[in-house]
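This is what each chain is made of:
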Amino acid sequence: MSKGGKQPKQPATPAPDNPRCGFIAVIGAPNAGKSTLVNALVGAKVSIVSHKVQTTRAPLRGIAIEGDSQLVFIDTPGLFAPKRALETAMVDSAWGGAKDADIVVLVVDAQKGIEEDVERILERLKDARSPIIVALNKVDRVSAKQKLLALAGEIEKRIPVQTVFMLAAISADGVPDLKRYLAEHVPPGPWHYPADDLSDAPLRMLAAETTREKIFHRLHDELPYSSTVETTDWQERKDGSVRIEQTIYVTRAGQKAIVLGKGGQTIKQISMDARRELSALLDRTVHLFLFVKVREGWQSDPERYREMGLEPPKK
């Protein structure tokens, strides 16, 4: 039995004579487009994306090569005012990622501007030690360019900013310029990861995140936030395929019925969607088996937090 198989790879790049390497925290308010930007910077899907807020729960690292530089992007949970223990753990992990980074990229939804969550982030970044780059995202949705310039100017008044990029992460417009800038400004030093790695997340976690994304896409209201996914078994088979078992935990019996759907149709569709993406990710046949269990206290279970890569909140 394997503990997670091989990571997806990018084309091999020989290590340069004068390498540079840096950790770049990508932070912002929920739904600013952080995960979409990280995926565009890496050139592959390493983080789940949904139109719903607070999709990312734990920092995930995506790895990209640009010239002589290895860029390690930390996709963090959205920063907001937490109300529950899980939300507190998510926000703490996001700020932890920003604190340890060589560069911080603050992603701001150009359409929404400086809303309450962004206000809170700007206040906390006033005394940041790491260089801050601002990425105004979704600029394709703003027709008045003067509004973009005014927004950039207002942010630059509030926090120490190295430079501002205007981009549309979903189409990758403007992303290459940001990537080149980051490659030039990460510190000199050896690469931390093999040249062809795309992510440092265990495949078991990436597989669970893939299924969790499909739950977000298929189900609505509060259910996705009351659910989590764990990869419980991973078996490499002799024919080159992989057999994966996952458990979807929910907090109430009524939620289990929603996940299963009438005649098991909803979970069947979730499984098909996840299996299709995992097969592409792993470049081989995937046999995916999903189970749904009710675990009322999972959001206060320290073990569930560790499975998600989060530190349990201190009581």
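Just so we're clear, the structure is a prediction, and the values are computed from it rather than from any experiment.

### Brief notes about the sheet that holds strand 6 (residues 163–166)
Next, step 1: Strand order in the open sheet made by the six strands is 2-3-1-4-5-6, with mixed pairing throughout. Of all strands in the sheet, those with a lone pairing partner are strand 2 (60–66) and strand 6, marking the two edges. Ignoring which end each strand starts from, the neighbouring axes of this sheet average 25° apart.
Next, step 2: By the bridge criterion, five bridges tie strand 1 (residues 20–28) to strand 4 (residues 103–109) in an arrangement that is parallel. Residue pairing for strand 4: Val26 is matched across the bridge by Val105.
Next, step 3: Set on the sheet, helix 1 (residues 34–42) makes contact with strand 1, strand 2, strand 3 (69–75), strand 4 and strand 5 (132–137); between it and strand 3 the angle comes to about 160°.

### Focus: the confidence of the model for the protein chain
Next, step 1: Overall, the prediction assigns the protein chain a mean pLDDT of 81, with 76% of residues at 70 or greater.
Next, step 2: Considering only residues more than four positions removed or in separate chains, one finds that residues 50–57, a stretch of pLDDT under 50, has 44 contacts.
Next, step 3: Under a pLDDT of 50 for its full length, residues 78–83 has, in the predicted model, 26 contacts with residues more than four places off or in other chains.

### Points about the side chain of Gln70
Next, step 1: Following the sequence through the fold, Gln70 ends up in strand 3.
Next, step 2: Residue classification places Gln70 among the buried residues on the basis of a relative accessible area of 0%.
Next, step 3: A polar atom in the side chain of Gln70 sits 2.9 Å from the backbone nitrogen of His192.

### Some details on unusual backbone geometry
Next, step 1: Of note in the backbone geometry, Asn31 takes a positive phi value of approximately 70° without being a glycine.
Next, step 2: Even without a glycine there, the phi angle at Asp283 is positive, about 60°.
Next, step 3: Examined against the element boundaries, Asp283 turns out to sit in the loop between helix 8 (265–282) and strand 9 (286–294).
Next, step 4: Note on Asp283: relative accessible area 70%, which makes it exposed.

### Comments concerning the sheet that holds strand 9
Next, step 1: Across the sheet, which stays open at both edges, the three strands sit in the order 7-8-9 with mixed pairing between neighbours. Edge positions in the sheet fall to strand 7 (228–236) and strand 9, since each of these pairs with one other strand and no more. Taken over all neighbouring pairs, the strand axes of this sheet differ in orientation by 20° on average, direction set aside.
Next, step 2: Bridge count for strand 7 against strand 8 (residues 242–250) is eight bridges, and the pairing is antiparallel. Counted as the bridge partner of Thr228 is Tyr249 from strand 8.
Next, step 3: Strands in contact with helix 6 (residues 203–218) are strand 7, strand 8 and strand 9; relative to strand 7, the strand with the most contacts, it is inclined by about 130°.
Next, step 4: Where helix 7 (residues 253–260) meets the sheet, it contacts strand 8 and strand 9, and its direction lies at approximately 155° from that of strand 9.

### A word on the nonpolar core
Next, step 1: Grouped together as the largest cluster of nonpolar side chains are 26 residues, with contacts concentrated most on Ile24, Leu37, Phe73, Val105, Ile133, Leu178 and Leu182.
Next, step 2: Secondary-structure elements contributing two or more residues to this core are strand 1, helix 1, strand 3, strand 4, strand 5 and helix 5 (175–185).
Next, step 3: Counting residues per element, this core draws most heavily on helix 5, which supplies five residues.
Next, step 4: Residues in contact with Ile24, not counting those within four places in the same chain, are Leu71, Val72, Phe73, Ile74, Ala101, Ile103, Val105, Leu182 and Val186.

How each quantity is defined
Residues numbered from 1 in each chain as written. Predicted model: local features only at pLDDT ≥ 70, side-chain atom pairs only at ≥ 80, totals over all residues. Heavy atoms only, no water. Pairing = 2+ DSSP bridges. Helix = DSSP H or I, 4+ residues; strand = E, 2+ residues; numbered from the N terminus. Axes fitted to C-alpha atoms, helices over the stretch in contact; angles between N-to-C directions. Contact = heavy atoms within 4.5 Å. pLDDT = per-residue confidence, 0-100. Buried < 20%, exposed > 50% of the residue type's maximum accessible area, 1.4 Å probe, protein only. Polar contact = N/O pair within 3.5 Å; in protein donor to acceptor, adjacent residues only side chain to side chain. Core = buried A, V, L, I, M, F, W, Y, C linked by side-chain atoms within 4.5 Å.

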